There are 2 protein chains.
Amino acid sequence: MVTTDTAPLFDRVAIVGIGLIGSSLARALAEYGIARQVVCADRNPEACAKALELGIVAEATTDLAAALAGADLVVLATPVGSFATVGEAIGPLLKRGTIVTDVGSVKQATLRDIGPHLPDGVHLIPGHPVAGTEHSGPEAGFATLFQGRWCILTPATGADRQALARVTEMWRRVGSTVEIMEASHHDRVLAITSHLPHLIAYTIVGTASDLEEDTKSEVIKFSAGGFRDFTRIAASDPVMWRDIFLNNREAVLEILQRFTEDLTALQRSIRWGEGEQLQDHFTKTRAVRRGIIDAKQA
Amino acid sequence: MVTTDTAPLFDRVAIVGIGLIGSSLARALAEYGIARQVVCADRNPEACAKALELGIVAEATTDLAAALAGADLVVLATPVGSFATVGEAIGPLLKRGTIVTDVGSVKQATLRDIGPHLPDGVHLIPGHPVAGTEHSGPEAGFATLFQGRWCILTPATGADRQALARVTEMWRRVGSTVEIMEASHHDRVLAITSHLPHLIAYTIVGTASDLEEDTKSEVIKFSAGGFRDFTRIAASDPVMWRDIFLNNREAVLEILQRFTEDLTALQRSIRWGEGEQLQDHFTKTRAVRRGIIDAKQA
Ligand SMILES: NC(=O)c1ccc[n+]([C@@H]2O[C@H](COP(=O)([O-])OP(=O)(O)OC[C@H]3O[C@@H](n4cnc5c(N)ncnc54)[C@H](OP(=O)(O)O)[C@@H]3O)[C@@H](O)[C@H]2O)c1
Ligand SMILES: NC(=O)c1ccc[n+]([C@@H]2O[C@H](COP(=O)([O-])OP(=O)(O)OC[C@H]3O[C@@H](n4cnc5c(N)ncnc54)[C@H](OP(=O)(O)O)[C@@H]3O)[C@@H](O)[C@H]2O)c1
């Protein structure tokens, strides 16, 4: 999947926010020869020091201007809630022809919060690698994170075709399959496949923890298969997820409404002992899993 | 964890229902020398043939009487909803001194549905190995399934102490840690750590699948981390889960009520943009995950 026998796509890539995703991309860009030089800016001096110590980047600084100087690609990899501030900060530092992309989990927010700050001739290509773990920070990253995963790009109408082609090629070279769609469609799809599952996992783990306190007895100790998976999901970064829910509010609330209706129907079947309805529903969802396995995303 | 250097605990163990759990236990009992002979009964002739072909059991038959003849331990490993029928069928076949146990995921149901059918002098020790996968049938089983997992036993007051000790020792020898509790407490704890997560996973996968049909667009294709885990859980056996929900109705409905309240509170925080509340909640659940990792159940 990964090709190293081609010329670098970029001379200098500046990654803003050297966390799990930023550091994974930095590693991949360097290791696979996709960029001649990878540098990073992070507000956290410890993250910068760590990134240098791990040898992930050529330069690491808390000074945005220093990192962005001479970069032909800038990748924003901070939480979505910081995009307005980061956009405002980088705007004046960008030269014509620079490409700006991001890895944020919500895509309308990128267009809304970054877009207005970019000078003319700077090309914005919003992106979202659908890959991740529940860990954070530069130590958690790894070059192969994006292999065999989707990366969704959501350029605005009229976005620069060449910039789009280069960002597409970058993700292809780190091993992802690129899909292009409208930002609003992305946010709706991810609301059900990612945001709602996280919200539910956060909820159920909280409910269990309250029950444990309430009954003063072991509850979580006997966590069986299902619950263990939920606790892993509910261990994801609190700030990142706060920002996702606040910035994809409408789509999440809409999907939550559908989910609640469906849950209420199953609840009713349990209350009234409607075994056939339950079995039918469970049989249908089992088939969905098969579809995902066939699509090789499991 | 597994000891093979001790004398067998049982002469002949008859397993009723040679699916994932039954065949895993059969394998472990034979491989670790816990029983001199392991046989099975299953209503499905194909499952019997498969169990013989795989060499899991010494005898496999659809004839309950043939399998139970001479058994000093009978293990019921069929879905919980079959317990009343199975109990009625085995009752007349059991000799004094035989121990009957089960692996059902709901424990009050065992006492209620099996108990009344057992003749005097037959000892019922209900059990639930908190271990499993989303697969079914004799091919899916493996001897190490129970290693490092809990097995919960829920004997009625006044249950035979020696029978309890032998069943406990059996689970210890297959690698589990045994915990003894009241059946009603078991059902309440598992309602939150296992039954509700499954119900939620079944719901959300159904919601996504409906949305896909509704919008005629790919939704499930982009299943990110969270959702993929849910689809795996929602691929669990429909009959087994139908039976669990129907037989643990009260505890599931009660916990569902708490869950819905908590979800509504988070929903409200999203609607009103209460970032701090969201972040606090997510930080708390992250700590729960740490607890589970420390308890080595992750
Ligand atoms: N994790 C995933 O599974 C995943 C998957 C796909 C996309 N994403 C997206 O990728 C982005 C980064 O996520 P991540 O998991 O890599 O996070 P991470 O490991 O927590 O790293 C985030 C980095 O951004 C910095 N940062 C945080 N707030 C900032 C602010 N207000 N201004 C400037 N810098 C700030 C952090 O510094 P501090 O240490 O000072 O906070 C940290 O170095 C997010 O937009 C997320 O939605 C994540
Ligand atoms: N899977 C788990 O993760 C897990 C974990 C802990 C406990 N358990 C419990 O273990 C038990 C067995 O589950 P499993 O996963 O091993 O299921 P499984 O793989 O589906 O096997 C169940 C076996 O029982 C037979 N059976 C089904 N209905 C029956 C009936 N009405 N009368 C007689 N036999 C019947 C099945 O035969 P057919 O092929 O004819 O249906 C099959 O051979 C259940 O009580 C479940 O609650 C499961």
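Conventions adopted
- Residues numbered from 1 in each chain as written.
- Chains lettered and ligands numbered in written order.
- Predicted model: local features only at pLDDT ≥ 70, side-chain atom pairs only at ≥ 80, totals over all residues.
- Heavy atoms only, no water.
- Axes fitted to C-alpha atoms, helices over the stretch in contact; angles between N-to-C directions.
- Helix = DSSP H or I, 4+ residues; strand = E, 2+ residues; numbered from the N terminus.
- Parallel < 35°, antiparallel > 145°, perpendicular 65-115°, else oblique.
- Left-handed = near helix turned anticlockwise from the far one by under 90°.
- Contact = heavy atoms within 4.5 Å.
- Nonpolar A, V, L, I, M, F, W, Y, C, P; charged D, E, K, R; others polar.
- Expected span 1.5 Å × (residues − 1).
- Buried < 20%, exposed > 50% of the residue type's maximum accessible area, 1.4 Å probe, protein only.
- Arc of directions from axis to C-beta.
- Near = heavy atom within 4 Å.
- Polar contact = N/O pair within 3.5 Å; in protein donor to acceptor, adjacent residues only side chain to side chain.
- Areas by Shrake-Rupley, 256 points an atom, 1.4 Å probe, with all protein chains shown as cover.
- Core = buried A, V, L, I, M, F, W, Y, C linked by side-chain atoms within 4.5 Å.
- Domains from an automatic or database assignment.
- Buried area = accessible area lost by both parts, 1.4 Å probe.
- Salt bridge = Lys/Arg side-chain N within 4 Å of Asp/Glu carboxyl O.
- Pairing = 2+ DSSP bridges.

**Some points on the packing of helix α10 (residues 249–271) of chain A against helix α10 (residues 249–271) of chain B**
Put simply, α10(A) and α10(B) touch, their axes get as near as 12 Å, and they point 165° apart. Judged by the angle between their axes, α10(A) and α10(B) are roughly antiparallel. The element α10(A) and its partner α10(B) pack so that their crossing is left-handed. Contact residues: α10(A) offers Arg249(A), Val252(A), Leu253(A), Leu256(A), Gln257(A), Phe259(A), Leu263(A), Gln267(A), Ile270(A) and Arg271(A), while α10(B) offers Arg249(B), Val252(B), Leu253(B), Leu256(B), Gln257(B), Phe259(B), Leu263(B), Gln267(B), Ile270(B) and Arg271(B). The residue makeup of the contact of α10(A) with α10(B), split by class, is twelve nonpolar, four polar and four charged.

**What about helix α11 (residues 275–294) of chain B?**
Residues and elements named next belong to chain B. For α11, which comprises 20 residues, the first-to-last C-alpha distance of 29 Å matches the rise-based estimate of 28 Å (1.5 Å per residue) to within 8%. The complete set of buried residues in α11 reads Gly-275, Leu-278, His-281, Phe-282, Thr-285, Arg-286, Val-288, Arg-289 and Ile-292. The buried residues of α11 occupy one face: seen down the axis, they fall within an arc of 155°. Turned more than 90 degrees away from the buried face of α11 sit Glu-276, Asp-280 and Asp-294, all of them exposed.

**Section: the environment of Ala159(B)**
All names here are of chain B. Within the secondary structure, Ala-159 sits in the loop between β8 (150–153) and α6 (161–173). Residue classification places Ala-159 among the partly exposed positions, given a relative accessible area of 24%. Along the chain, Ala-159 and Ile-125 lie 34 residues apart, while their C-alpha atoms are 7.4 Å from each other. Ignoring sequence-local partners within four residues, the contact set of Ala-159 consists of Leu-124 and Ile-125.

**What to know about the site of ligand 2**
Residue and element names in this part refer to chain B. Around ligand 2, the surrounding shell holds 24 residues, and the nearest of these are Leu-20, Ile-21, Asp-42, Thr-78 and Ser-105. Within the backbone of Leu-20, one N or O atom sits 2.8 Å away from an oxygen atom of ligand 2. For ligand 2, the protein covers 82% of the area, taking 900 Å² as the surface of the free molecule. Looking at the shell around ligand 2, the elements that each hand over two or more residues are α1 (20–31) and β7 (127–129). Here the shell around ligand 2 is built from residues that sort into ten nonpolar, twelve polar and two charged.

**Digging into the nonpolar core**
Ranked by internal contacts, the top residues of the largest apolar core, which has 90 residues, are Ile200(A) and Ile200(B). Leave out the neighbours within four places in its chain, and Ile200(A) touches Phe230(A), Phe259(A), Ile200(B), Ile204(B), Phe230(B), Phe259(B) and Leu263(B).

**Here we look at the domain arrangement of chain A**
Where interface size is quoted, it is often the accessible area lost as the parts come together. Residues and elements named next belong to chain A. The domain architecture assigned to chain A consists of domain 1 (10–181) and domain 2 (185–294). Here domain 1 and domain 2 have C-alpha centroids that lie 31 Å from each other. Summing both partners gives a buried area of about 1,300 Å² for domain 1 against domain 2, and 62% of it is carried by carbon and sulfur. Along the contact surface separating domain 1 from domain 2 lie one salt bridge. Between Arg-232 and Glu-134 there is a salt bridge, with its nearest N and O atoms 3.7 Å apart. On inspection of domain 1 and its partner domain 2, the count reaches five residue pairs in polar contact (both at pLDDT 80 or more). When residues of the side of domain 1 that touches domain 2 are assigned to their parent elements, the largest contribution, four residues, is made by helix α5 (residues 108–113).

**Overview of the packing of helix α7 (residues 183–215) of chain A against α10(B)**
When two helices pack together, their arrangement is given by the angle between the helix axes and by the axis-to-axis distance. Two numbers describe how α7(A) lies on α10(B): the axes approach to 9 Å, and their chain directions differ by 125°. Here α7(A) is positioned oblique relative to α10(B), judged by the angle of their axes. Classified by chirality, the crossing of α10(B) by α7(A) is right-handed. Of the residues in α10(B), those touching α7(A) at Leu199(A), Ile200(A), Thr203(A), Ile204(A), Thr207(A), Asp210(A), Leu211(A) and Asp214(A) are Ile255(B), Arg258(B), Phe259(B), Asp262(B), Leu263(B), Leu266(B) and Ile270(B). Of the residues assigned to the contact of α7(A) with α10(B), the class counts are nine nonpolar, two polar and four charged.

**Notes on the sheet that holds β7(B)**
Residue and element names in this part refer to chain B. The strand order across the open sheet formed by three strands is β7-β8-β9, and the pairing between neighbours is mixed. Lying at the two open borders of the sheet, with one neighbouring strand each, are β7 and β9 (177–180). Strand-to-strand twist in this sheet, taken as the mean axis angle between neighbours without regard to direction, amounts to 20°. Here four bridges tie β8 to β9, and the two strands are oriented parallel to one another. Within β9, the position partnered with Ile-152 by the bridge is Glu-179.

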